[in-house]
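# Structural features, examined
So you can see what is in the structure, the chains are spelled out below.
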Amino acid sequence: EKEEKLFNRGIKCLSLFFIDEVSHYRQYDEDGNEVLGDFGKIFEEEYTDALNQYTNLFYSPYVKYLNSIDVHDTHKGYFSIDKKTNRVVNSVEKRGVCDDISAYDLILKNKERLLSFDEPTRFIFSHSALREGWDNPNVFQICTLTETRGEDDKRQKVGRGLRIAVDQSGNRVRDYKYNVLTVVANESYKDFAENLQKGFTKDGYK
C-alpha cells in the first residue's frame, strides 16, 4: 500500500534488509553454483503470497506494474567477495568488492537506473552496505534482521532511509507525507527510536 502511494506520485520505493550472515540469503551448492539461503527463499514465498492476494483484489496501473516483475528479479544481494575463492563472505571477515559486478554497478553506481520503474530491483539484502559507502534517497523501508552493536550502528542504519525522495524526473520530492521511513527492528531499537524522535522534536522537526 505504501509502495502504491509512492508509485502514483512517480517515486520508486526501495526496501533494505540488513542481515547478520550472508549464508542466510545466499549459499552454494556442491557444484559451486549460487543458491538462495533461507531468507531468500522465505522472501520469495512471502512476496508471491502477498502479490497474489493484492492483485486479486485490485487492478490499477500499480498492479500492472507489479505483474510485470518476476519475483527472482525484484531482490538482490549486496555483499563482499573473497577474491581467492570468488565466493561471498561476511564483510566483517574480509573486505573486497561486491559479489556480483552487475549488482555492484546497479546498487552503488547506477542510482538513476535503480530509481527507475524500468529496473525491477526493489528489495536489497545487505551485510556491508554501510562499509561500501552505499547511499540512496529512496529507501523507505529498513528491516534489521541482525543485532546492532550500539547507538552509532543503529543511527547509521536508520540514516540510510533519512533522505529526501527523488521522482522519475530526477526531482526532489519535499512533501513530508511521502518522506516517511518505516523501520522494522528488534526490541533493542525501542529506546533508540524514542530518543531519536525526542531529538527531532527538540530540533523543531515534526
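Treat the numbers as computed from the prediction; the structure is a model and nothing was measured. (Residues numbered from 1 in each chain as written. Predicted model: local features only at pLDDT ≥ 70, side-chain atom pairs only at ≥ 80, totals over all residues. Heavy atoms only, no water.)

## Some remarks on the confidence of the model for the chain
The line we're drawing: A score from 0 to 100, pLDDT tells how confident the predictor is in each residue. Segments assigned H or I by DSSP are reported as helices when at least four residues long, segments assigned E as strands when at least two residues long, and all are numbered from the N terminus. Contacts were defined at the residue level, with two residues in contact if any of their heavy atoms lie within 4.5 Å.
Of the residues in the chain, 71% have a pLDDT of 70 or more, and the chain-wide mean is 80. Strand 10 (residues 172-173) holds the highest mean pLDDT among the elements of the chain, 96, whereas strand 5 (residues 80-82) holds the lowest, 58. A low-confidence stretch, residues 92-99 (pLDDT under 50), is modelled with 24 contacts involving residues beyond four sequence positions or located in other chains.

## A few points about the side chain of Ser-15
Here is the rule: Each residue is placed in one exposure class: buried if its accessible area under a 1.4 Å probe, protein chains only, is under 20% of its type's maximum, exposed if it is over 50%, and partly exposed if it falls in between. N or O atoms closer than or at 3.5 Å make up a polar contact, with two conditions inside protein: a donor-capable atom paired with an acceptor-capable one, and, for residues adjacent in sequence, both atoms drawn from side chains.
With respect to the secondary-structure elements, Ser-15 resides in strand 1 (residues 14-19). The exposure class assigned to Ser-15 is buried, which follows from its relative accessible area of 7%. Polar contacts involving the side chain of Ser-15 include one to the side chain of Gln-141, which spans 2.9 Å. Among all residues touching Ser-15, those that are not within four sequence positions of it are Arg-122, Phe-123, Ile-124 and Gln-141.

## Details of the nonpolar core
It is characteristic of soluble globular proteins that their nonpolar side chains tend to be buried jointly. Put simply, the rule is: Here, the term nonpolar core denotes a set of buried Ala, Val, Leu, Ile, Met, Phe, Trp, Tyr and Cys residues that are joined through side-chain atoms within 4.5 Å.
Within the largest apolar cluster, 20 residues are counted, with the highest numbers of intra-cluster contacts made by Tyr-47, Tyr-62, Tyr-65, Leu-66, Phe-79 and Phe-125. Residue assignment for this core shows that the elements contributing at least two residues are strand 1, helix 2 (38-57), helix 3 (61-67) and strand 7 (123-126). Counting 14 residues, the second largest nonpolar core, distinct from the first, contains Tyr-78, Leu-106, Leu-114 and Leu-115.

## Some words on the side chain of Thr-121
Turning to its location among the elements, Thr-121 is positioned in the loop between helix 5 (111-114) and strand 7. Relative accessible area serves as the criterion here: at 0%, Thr-121 is assigned to the buried category. Separated by 2.9 Å, the side chains of Thr-121 and Lys-76 make a polar contact. Contacts of Thr-121, omitting those with residues within four sequence positions, involve Lys-12, Leu-14, Asp-73, Thr-74, Lys-76, Leu-106 and Leu-114.

## Describing the pairing of strand 7
Using the following cut-off: Only strands joined by at least two bridges in the DSSP assignment are considered to pair.
Side chains of strand 7 alternate between two faces, with Phe-123 and Phe-125 and Ile-124 and Ser-126 buried alike. Note: strand 1 against strand 7, 4 bridges, orientation parallel. Each bridged residue has a counterpart across the sheet, and for Ser-15 the counterpart in strand 7 is Phe-123. Relative to strand 7, strand 4 (residues 75-78) is paired through 4 bridges, and the arrangement is parallel. Bridged to Tyr-78 within strand 7 is Ser-126.

## So, the sheet that holds strand 1
Threshold: To obtain each axis, a line is fitted to C-alpha atoms, and for helices this fit is confined to the stretch in contact; angles are then taken between N-to-C directions over 0 to 180 degrees.
Reading across the sheet, the 5 strands line up as 4-7-1-8-11 and stay open at both edges, with parallel pairing between neighbours. The sheet is open, and its two edges are formed by strand 4 and strand 11 (182-184), each paired on a single side. Between one strand and the next, the sheet's axes are offset by a mean angle of 20°, whatever the strand orientation. As defined by bridge partners, strand 1 adjoins strand 8 (residues 139-145) across 6 bridges and the pair is classed as parallel. Paired with Leu-14 across the bridge in strand 8 is Val-139. Set on the sheet, helix 2 makes contact with strand 1, strand 4, strand 7 and strand 8; between it and strand 7 the angle comes to about 165°.

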